[in-house]
Every structure is written in structure tokens, then in C-alpha cells.
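Structure at a glance
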Amino acid sequence: MTDYSQLNKNPIFKPVDSIYTDRLRKFNDNDHLGKFRVRHRIDNSKDDGSDGYVELKKYSVPDLQRPSFKEIIPSKLDEFEPCHRNDLFGPGWASFWIQVKIAVPTYWKEHYGNGKKDPIAFHWDSDNEILIYDHEGIPQQSLTGGGHRTEFILPSDWYEDRDEYVFYLEMACNGLFGTTPSFYYTLHTAELIVKNSEADALYYDFWIMGDAARELPGDSPQKYLALQLCNKIMDTFDVNDEKSLAKCREVAKQYLGSDINGSEVFDDSTAPFPTQVYAMGNCHIDTAWLWPFAETKRKVVRSWTTQIRIMEKYPEYQFVASQGQQFKWLRDLHPEIFTQIKKKLKDNQFFPIGGSWVENDTNMPSGESLIRQFLRGQRLLLNEFGFKSKTFWLPDTFGYSSQIPQICRVVGIENFLTQKLSWNNINKFPQNTFNWVGIDGSQVLTHMPPDNTYTAPAHFGDVNRTITQHKNLYNDQKGLLLYGHGDGGSGATPEMLEKLRRCRGMTNTVGSSLPVTKVGNFTIDEFYDTIRKDSDNAKTLPSWKGELYLEYHRGTYTTQAKVKQYMRTLESLMHDLELIATYVSLNHVSYVYPLKKINRIWEDILLCQFHDVLPGSCIEIVYKEEVLPMLGKRVDDLRELIDEALGKVGVRCCGTNEKPMLLNTFSWPRSTIHDIAGTPVLFNSIEQNLNMCIIKKKVKFPVSVTRDEDDYILDNSKLKVRVNKKGIITSLYDIINDREVIDISPEGRNTRGANAFVLFDDEPLNFDGWDTELYNVNTFRYVDDIISSELVEEGPLKVSISFKHRISGSSQLKNVISLEGSDDLESVSLVKFETFVDWNESHKFLKVEFPVDINQEYASYETQFGVTRRPTHFNTTWDTAKFEVCSHRFADYSDFNYGVSIINDSKYGFAVHGNLMRLSLLRAPKYPDAHADIGKHYFNYAIYPHKGPLSSQTVKLGLEFNDRLNEQAYTFTGSPIDFTELVKIKGDDNLILSNVKRGEDDDDLENWEPNLPKKHKKSIVIRVYEALGGASKAVIRVGKPIQKVTKITGLEEDLEDVDFDKETNSFKVTSRAFEIASFKIVLK
């Protein structure tokens, strides 16, 4: 007899899916569990009659200082004042220290905490950033307010066997994303509580099950099972009966399984399918952005200490952190936390990663700077942790240079991670997992997390999107999920781990289209290794050749012009110092190569290449109070170190009535005109000594100036330049090659001429300091208002004409156009422009244009150790997106027979379209720095017309034009010497000897990294690169007896021995197109 009833007297309706789904939000959103989630509470503002209490005192730090714990405790305790809930703290950027005295009630001690099910916690919410210290001054955890992170589980030894305990809070009056100087913060909460763990757990159970009911596809059975069980939980829950919590959780187990309360839920043997989502915690901390460096030092300890606490509670939790600078700050300021990190590294939970000194911009730093990012970053990892990173970790930067793949490979990195290209505002980048190939052919395995963020909150949707948004599922079916609060730091929260446990519990128990998620027991390198394993060592993955151009934030090539100018200056002077100091240290026993000082300067240079600092997207105090003073001091330090080294070989600044000379730190002869006491003088190198020693005040081919009505005609027998009364070049005629360079035909956009200043509107859709937008390319006016003109110099060595322009009622500029004479018609000739600007604009963009008689599909822009070619048309949306691009010292536009190079000394924004070359000069955004670029500016640029296509001559001119060493003349007090005699290169002109320095591990130098071994008595490290894109050969000759030559990595690690000629102390170099090659020369 069946139990199935014959009669139906109770009709049941079919649930209406939409209504039953909408009902779910009432459970967590209306906080049905709120009554149960806190069992007991003691508030600072009242006395509830128990034997527990929270007593607060505060100390206001004067003058916006950020003193350490030891500077305050105990010396300032007598200045602490009573503090209560609803007190105000401020203004923005102020600091306070709070003394917290607590007494935990006896009943609590007996029934809660200390390993029991329900913990005792301290709750604090003041809407700003807090770091908790124990009574001995050891950081414990951060609190960040606003409901974001407000809870600290009290260690049991803070209340067991104690009547009371005193601890301290360091308060920073700023939020995760900065503050404003006038803002004040309110203390909302300061209390002790007992948590109800069962209610908390049900909260997370219902959260994930509710997401499954809403977000799984309509044909998924698991969607409707989640909907059914969630409604059953709501039916079971009784707000007046705490025992209903356990019953509700039993219902949840039917969907989530019984392992979600622990790390065992991630046991691979329980997964129904292979892992698809690899979840890794992180807390991207911008080294400066909406806060200064000084605050970042505190963000680091707040964030990383907190992550260690989470690791203690969640043994599966793993976390990565990048940026050598931040590790150094932590090591120096909080060595006890640094020690804890080392322990967690051994436990496979805390992983330093990235290999670079900071998460740097890759567009504007020089090639040598990018290599030094890794030299300093990787050596810190080796010195402190005993390993190098295999992954370049750069989730957030504003575009990616075409030489990054090769630079990664020459520093031992084969993996690359970023996600910023998901921000493109024109084209959707088509890859997530692929081989990125640089201009030399080098490749790195690249993964861009498909969730399109590095700060995921670890929601159900984040897990799902890691696969559903993956664009390379045909090639590989796995993705990284990077979770944790970031940009301003903080990192993962317990809530995120609880959600991920339940996502995995769901796939373990009921399956579904939700990907199988893995937390713990893997590393980032292992993730990449798994991709290689599943793709025939990445051979089956698609590739992307050349730069990864970000179609966004194009204004960062120009914003904060003074920072960019300092950077170019420092890179130039550092090149000179390292060469000169190497020479002097190997020739004078009394002089020691100042390795430690050089590296400290490098660290500050690299710090300021952070991807918000150099691009110009930080708040004003970062530049005004930190970056500009820092970089200015480092320029002074470099000049002082150069003068110190020069003094050892009898070279000093030239005085009155002394014979002047200019120094040459490049490996080719030079000729230049330099002002001595206001008089132009020609300096030339001679073959025996590349320093510019030969001085002439007359030349074979002088430059002259004549007038033709309102026009000036400048002529040096090579170039004839016609300049009209508005300072615009209407004709630039190449006499030698019988070629007009300027094209002002009516078919072009610019029919006025070259050196035409243009003022564009600059009102982007978003991100003022970052962006300049496509539509503003067509909203502009030419700067036509001339205040005055003056013939400054009339030859024979130099003709200069000064024009003063009124940009607007509040801004003006002076532009000095000059042409120089020469001794040789085969030598190069440039038209130079010296520019002074008094800039006081709002949302304007100043550029200068050069319409030229060239028609070619591509222009060449200098990048690190090479050139990047970009279209000069708008055929596709990918071409259109590149309406503003990054260039270094030159941009060149050439056809087969002829070309034009625009050279500059401190600018990075450029564009070439049609016949028009355009150099970007100054912007005027108002956020995040309301005064960005307002003030006085000085910069130089030049136009170099040349026969034939782009050649090494432009490369060399770019380097010479950026020479900062010879801003003053020198004189010898002893025998003349030639610094370039130390290392010479002879061969194909497109092979450039880039840098010369001493080896990092020479044992006669200062001990910079004590845990790294010394290797050689004395060595020279040189860098050579192929600049134009062709296989090349050369011979390197060394001015000292050689013991050994080794080709090395960018980290100065040996790759292979190189044969050398003992008689001539020379060796051969062969290079592929755009190759960067480093060599270590060990001396006898």
C-alpha cells in the first residue's frame, strides 16, 4: 500500500519566481539577524552597571606630524585628555593617539572568548584610519571605519587573568582615499562586544545562496535549489528564538556542505571539476596618490599587519604584496612586523612579489630607470627573503611600453600581471591570457584578471566573472581573482574569506556553472606554470606584439611638467655620475665609487616614478611638500658627487680668465655652441679626446640674419629659415638637399607654419589630471597675440630672435628661436627653441605644431632603448585611440628620402597625424591638484630636418640635447683626461653605449646589501642597445687590462662568458634588433 495520498484537500500554488526572489533581500538587507549577531555590548558613553568598561583618552599631535609610538608613549601620557563617543577629530591629515583602557566583565570571561565559540571584540568607528598597538607598542591591526573594518578580536591574554588592559590607537585623520584639510571626523563607536558566531555564519550562508538564486543562469537547476532553500531558511528563522539559527544553518548545509566553517572546504579532492578560479588576496597600496608618501608608510603597516591577523584566523588565506620601497619602509619603521612577514612567507601565506622598487609608470622613465627598478627591487627581495620574483606585478598603471617584455626577461622575469587595459574607453582589449611580445621579439606570459579589477570584494559575481568574462577560454580555462580593498590599502576582510568558502562549498556540494574556486596552496608563479603546462609551454596561446597602449589617461604624458623635467635631469646626471665615478675610482686609489650614495639617490628617483607621481595624478601636497623638494635635493646631490669625483682628477668649474672646456660623457665626438660670459663659443671634440676642448669664436659657415619686410631670414649655408612677425616659421629650406621642410598648403590643418603655439580646450569626461579627450583635438585656437619681438644675437656663431606671446589675459610665453653656424656642412643643423612660460590657465592644453612635407603611414617615437612606430592616420578605432601618445627625447616623421625629427629636453606627449607634428607642452587640470602646472616653466625643443629616414644621428642628438652636465663650463688644473677612454664602442652607429657603472658586488665598494655575496675585486658594468631596429655588430674596447668578460642580466648575474682579445682589451658585440645587452668586465 503506497503512502501517497489519494485525496488532495490542501491545494499548493506554484511559487512566483520573481516574488520569491525579491523576498530574499529582506533577510540580510533588513538585518533580520541583527538581534542575534551581538550578544553583549559595553559602550564607552554609558555605565551599564556591569564590571566592564571602555575608558578613552586622546592626544592631539601638533603641526600635522606623524610621530611613532615610542615618541608618544610614555613621554606624552600626561598630556592625554578624556575622550568620548561623538568627539570630533581633525582637521584632515592630523594625527591623534588614543589610550584605551578596557575591563572585560567576569561573566564574559567565563562564557566567551579565549577559544570558545563566540569571541570578544573591540568595535571602533571614527570614519578614518586607525592602527591598534598593544601596550608594548607592537602593531596589531587596522580599523578603517565606515562599516569597512571596525572590529578587532581581543587577544585572550588582554583579559584573561587581568582586571584591565591598556592599549593604544594611532589615528590618521584621513580615510582610505585621503581627505581634505578642513574635514573633521566623528567618533561613532567605541565599545566591547560579544559576537554570535552562529548568526554571523548564517548571514554569510544566506548571502551566497541568495546571490546564487539571483545570478545563476535561468536554466540552472542550482539557481532554483538556492531559491527554494533560501525561502526555507526565511520560513524557519524565528526572530524570537535563537535556536532557530542552528536549524537554518542545517538547511544551508544542503546547498553549501558541512566544510564551510574551515579551510578543508578547499581540499582539491572535494572539487567536482579542476580549479578554474585562483583567488589571491592583495591590497594594492598606491605609494602616493590622494595621500603623501608619509601617510603611505603608515598605510603599509596598517594593511599588512591586518592581513597577518587574517592569516591567523584563516589558514588557507594567502596574500601578495609588491613594491620594494614599501618593504624597506616597513623594515626600517616596524622591524617586528617585518619579522612576522618573514614567518608568514615560510608558512606560504605572505608572498612578496613584483620585483620592482615601486609599481612604476612604464611610459616615461628611461630604459635605464626601468632596469634599475628591477635591480633595486629584486636585490631587496634577494637580500631580505632569499629569492627573486618571476612575476612583474603591475595591476594599475597608465599604459605599457613596447620594451617591457624584454626588460622583464633581462631581469629574470617571465610572467606579467596587469588589468588596467580593461579601462580602455574606445576599444575592448581582446585578450586575458596571452604572450606579450616586445619590439625585439622577447615575450612574457601575461594574464589580465578577467574580473577586471585588482580590488574585488570576493562576491559571488567576482568569482563568476573570472570565467564568464575571460576572452581566451578557447586557449585556457582558468583565471586569477584578486580580492581585497586596495589603492588606499587595507586588503582582504574576514567577510571576503567567508564568502569564498561558501562559493567553493556550493560547487563541492551541488555543482553549478559557478567556477571551482581555489584559496590557498598555490602561488602566483604556480598559477602561471599551470597555464604553461596546459598550453604546451604557452606555445598555443595567442600573442600581442608591441606596446599595450592604454586608451585612457593620455593627459598624464604632460601633467606636472616640473616633475617630468626633474626626472629627465636626474636620469641624465646619473648617467654622467656613474661614468665619471667609475673612471675616477679605477684610476685614483684615494677615491671610492660612492655606491651607497648612488643607490640612495636611485631609490628616490625610482620612488618618484610611481605610476601616480611621475604621471602627475597626485594631490598637491605630494608634489609641493615631498616630490619637488626631494627631486631638487637629488639634483643638488648628484652635482655635488660629480664635482667631488671631478676634483680628484683636476677638473672643476671654470673661473674667470681660465680656459674653458666641456665634458663629453657620450661615446662619439661632439660639437656644440655654448655661451661663455654671454658670448657664444664653439666647442669641438678631437679624435684623441672626446671632451670638447677646441674653442672657436669664428666658424667657416657663419649664420646670418636679414629682414624681408616683417620676416626674419636666418641662414647658415645649410638651412634657411623664414620667421614671420608672429614667431612662426613659414619656410624651412634645406639648402644642401634642396628641400622645403614646411608644408603650409591649404589641404593641411595648419596653414600658418611651424612653431605655432596652439591652445586647446581640455575638458575630459573624467579624471581631470589624467585625461585629455578626443573631442578636444578639434576645439582650439592659435596663440596669435604678439607682445614684442627682439633680435637678441646676430651671429656669426648664433642668431637668436625672441618673441613674447600673450596666451590669455593671465598667461604669456617667451620663445627664443635660434640657428647656429658651423665649421662643416656635413655636420647636423637644428633650429632650436628656448621657451619660458608664465602659465595660469584652467582646463587648457598648450601645444606647439610643425606642419611638414612628409607623407608616411607611421611615425617613430623614441621609447626605452628603441622606438615605437604608430599610425599617422585614423583608419580604425585602434588608430583613432592613439590621438595622443608618449614619446621620449624625439619623435621622427620620415619617408624613404627625407625626414624631420622634433627633439625636446623634458616633454613626453606627442602626436603626428597627416602632415602635422605636435608636441604637448603644458596642461591645467584642477583635480586632484587644483594648482597643477600653474606657475613659471622653462623648456627647450628643436626641429632637425635630415636626409633619409630616421637614423642614429637623431638618437644621438636626442641624448646630446638632454645633456645637463655642461650647463656650466669646466677647466683642467692637471693633465687633460677623457672619461670615455674607459669604454669605447666602434661599429654600427645604431648600437648605443648607454651606461657605464661599477658592479654592484665589487668587494672594494660599500656593503649595501649585507646578505648578498661579494664577487669581484673590481668590475665595470656596461649597457649597450640597438636603437633603430636592425641586427648590428660592434667592438667594445676597454681602457684597462681585462681578466674576464661576461654577458649578464640586468641584475648583473652571469649568463655566458664572452671571448675577448687580451692584446687590445676588446670584445665583439652582436645584437638583434632593439636588443638590450649588458656586460660585466672584470679587471685584472
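Above this text sits the structure in question.
The text that follows walks through the structure, step by step, so that each part is easy to find. All figures in this text were calculated on a predicted structure; none of them were measured in a lab.

A look at the overall build of the chain
Of regular secondary structure, the chain possesses 20 helices and 55 strands. The C-alpha atoms of the chain give a radius of gyration of 33 Å, which matches the 31 Å a tight globule of 1084 residues would have. Counting only C-alpha atoms, the chain reaches 115 × 65 × 65 Å along its principal axes. Evaluated residue by residue, the chain yields a buried proportion of 63% over its 1084 residues. Pairs at least 24 apart in sequence give 74% of the contacts found in the chain among residues at least 6 apart. Carbon and sulfur atoms make up 48% of the accessible area of the chain, which totals about 40700 Å².

As for the sheet that holds strand β6 (residues 120-125)
Pairing in this open sheet of four strands is antiparallel, and the strands run β1-β12-β6-β9 from one edge to the other. Strand pairing shows two members of the sheet lacking a second neighbour, β1 (38-43) and β9 (151-153), which therefore form its edges. With direction set aside, neighbouring strand axes in the sheet form an average angle of 25°. As defined by bridge partners, β6 adjoins β9 across three bridges and the pair is classed as antiparallel. Note that in β9 the partner of His123 across the bridge is Glu151.

With respect to the sheet that holds strand β49 (residues 991-998)
Within a beta sheet, neighbouring strands are joined by backbone hydrogen bonds and run either parallel or antiparallel to one another. Read from one edge to the other, the open sheet built from five strands follows the order β49-β50-β55-β52-β53, with strand pairing classed as antiparallel. Two strands in the sheet have a free side with no partner beyond their single neighbour: β49 and β53 (1054-1057). Across this sheet, the average inter-strand angle for adjacent strands is 30°, counted without regard to direction. Note that β49 and strand β50 (residues 1019-1026) share seven bridges and pair antiparallel. Within β50, the position partnered with Arg998 by the bridge is Ile1020. Sheet strands in contact with helix α16 (residues 561-587) are β49, β50 and β55 (1076-1083), and its direction is about 60° off that of β49.

Quick word on the pattern of salt bridges
Per the stated rule, a full pass over the model turns up 86 salt bridges. When the shortest N-O distance is used, the salt bridge between Glu198 and Lys117 registers 3.2 Å. Within this pair, whereas Glu198 is found in helix α5 (residues 197-215), its partner Lys117 is found in the loop between α4 (106-111) and β6, the two being separated by 81 residues in sequence. A residue is classified by how much of its surface remains accessible, and Lys117, at 56% relative accessible area, is exposed. Arg918 is paired through a salt bridge with Glu849; the nearest N and O atoms lie 3.2 Å apart. Linking Arg918 in strand β45 (residues 916-923) with Glu849 in strand β38 (residues 844-851), this pair joins segments that are 69 residues apart in sequence.

Here we look at helix α13 (residues 460-468)
Among the nine residues in α13, seven count as buried, and that is most of the element. The set of residues buried in α13 consists of Phe460, Gly461, Asp462, Val463, Asn464, Thr466 and Ile467. Residues of α13 that are buried in the fold lie against α5, β13 (277-282), β20 (479-483), α14 (494-510) and β21 (517-519).

Section: the packing of helix α11 (residues 367-385) against helix α17 (residues 595-607)
α17 packs onto α11 with a crossing angle of 110° between their chain directions and a minimal axis gap of 10 Å. The pairing of α11 with α17 is recorded here as roughly perpendicular in orientation. For the pair α11 and α17, the sense of crossing is left-handed. Residues Glu368, Ser369, Arg372, Gln373 and Arg376 of α11 pack against Asn599, Trp602, Glu603 and Leu606 of α17.

Some thoughts on the side chain of Thr772
On the secondary structure map, Thr772 appears in the loop between β32 (756-761) and β33 (780-782). Residue class for Thr772 comes out buried when judged on its relative accessible area of 4%. Engagement of the side chain of Thr772 in a polar contact is seen with the side chain of Asp762, the distance being 2.8 Å. In contact with Thr772, other than residues within four places in its own chain, are Arg554, Gly555, Asp762, Pro764, Phe845, Phe883 and Arg923.

Comments concerning the state of the cysteines
What the rule picks out here adds up to zero disulfides. Not part of a disulfide, Cys173 finds its nearest cysteine sulfur in Cys83, a span of 11 Å. Take Cys653: it sits in no disulfide, and the sulfur closest to it among the cysteines is that of Cys654, at 8.8 Å. We classify Cys653 as partly exposed; its relative accessible area is 32%.

A closer look at the pairing of strand β27 (residues 704-708)
With five bridges connecting them, β27 and strand β28 (residues 711-715) associate as antiparallel partners. Note that in β28 the partner of Arg707 across the bridge is Tyr712. If you look at the hairpin formed by β27 and β28, you'll find two residues sitting between the two strands, and Glu709 has a positive phi there, around 55°.

Here we look at the packing of helix α8 (residues 293-313) against helix α9 (residues 324-333)
Running from N to C, α8 and α9 cross one another at 80°; their axes reach a closest spacing of 10 Å. Viewed along their axes, α8 and α9 adopt a mutual orientation that is roughly perpendicular. Contacts between α8 and α9 involve Phe293, Thr296, Lys297, Val300, Val301 and Trp304 from the first element and Gln326, Phe327, Trp329, Leu330 and Leu333 from the second. The residue inventory of the contact of α8 with α9, partitioned by class, reads eight nonpolar, two polar and one charged.

A short note on the packing of aromatic side chains
A complete count under the given rule lists 61 aromatic pairs for this structure. Judged by centre distance (6.3 Å) and plane angle (45°), the ring pair of Phe385 and Phe387 falls under tilted. Residue classification places Phe387 among the partly exposed residues on the basis of a relative accessible area of 25%. Taken together, Trp304, Tyr317, Phe319, Phe327, Phe338, Phe350, Phe385, Phe387 and Tyr483 form an aromatic cluster joined through their ring pairs. When the ring centre of Trp291 is taken as reference, the NZ or CZ atom of Lys299 above it lies at 4.3 Å. The ring centre of Phe845 lies 5.7 Å from the NZ or CZ of Arg923, which sits over that ring.

Cut-off values and rules
Residues numbered from 1 in each chain as written. Predicted model: local features only at pLDDT ≥ 70, side-chain atom pairs only at ≥ 80, totals over all residues. Heavy atoms only, no water. Helix = DSSP H or I, 4+ residues; strand = E, 2+ residues; numbered from the N terminus. Rg over C-alpha atoms; globule rule 2.2 N^0.38 Å. Buried < 20%, exposed > 50% of the residue type's maximum accessible area, 1.4 Å probe, protein only. Contact = heavy atoms within 4.5 Å. Areas by Shrake-Rupley, 256 points an atom, 1.4 Å probe, with all protein chains shown as cover. Pairing = 2+ DSSP bridges. Axes fitted to C-alpha atoms, helices over the stretch in contact; angles between N-to-C directions. Salt bridge = Lys/Arg side-chain N within 4 Å of Asp/Glu carboxyl O. Parallel < 35°, antiparallel > 145°, perpendicular 65-115°, else oblique. Left-handed = near helix turned anticlockwise from the far one by under 90°. Polar contact = N/O pair within 3.5 Å; in protein donor to acceptor, adjacent residues only side chain to side chain. Disulfide = S-S within 2.5 Å. Nonpolar A, V, L, I, M, F, W, Y, C, P; charged D, E, K, R; others polar. Phe/Tyr/Trp six-rings, centres within 6.5 Å; stacked < 30°, edge-to-face > 60°. Lys NZ or Arg CZ within 6 Å of the ring centre and 35° of its normal.

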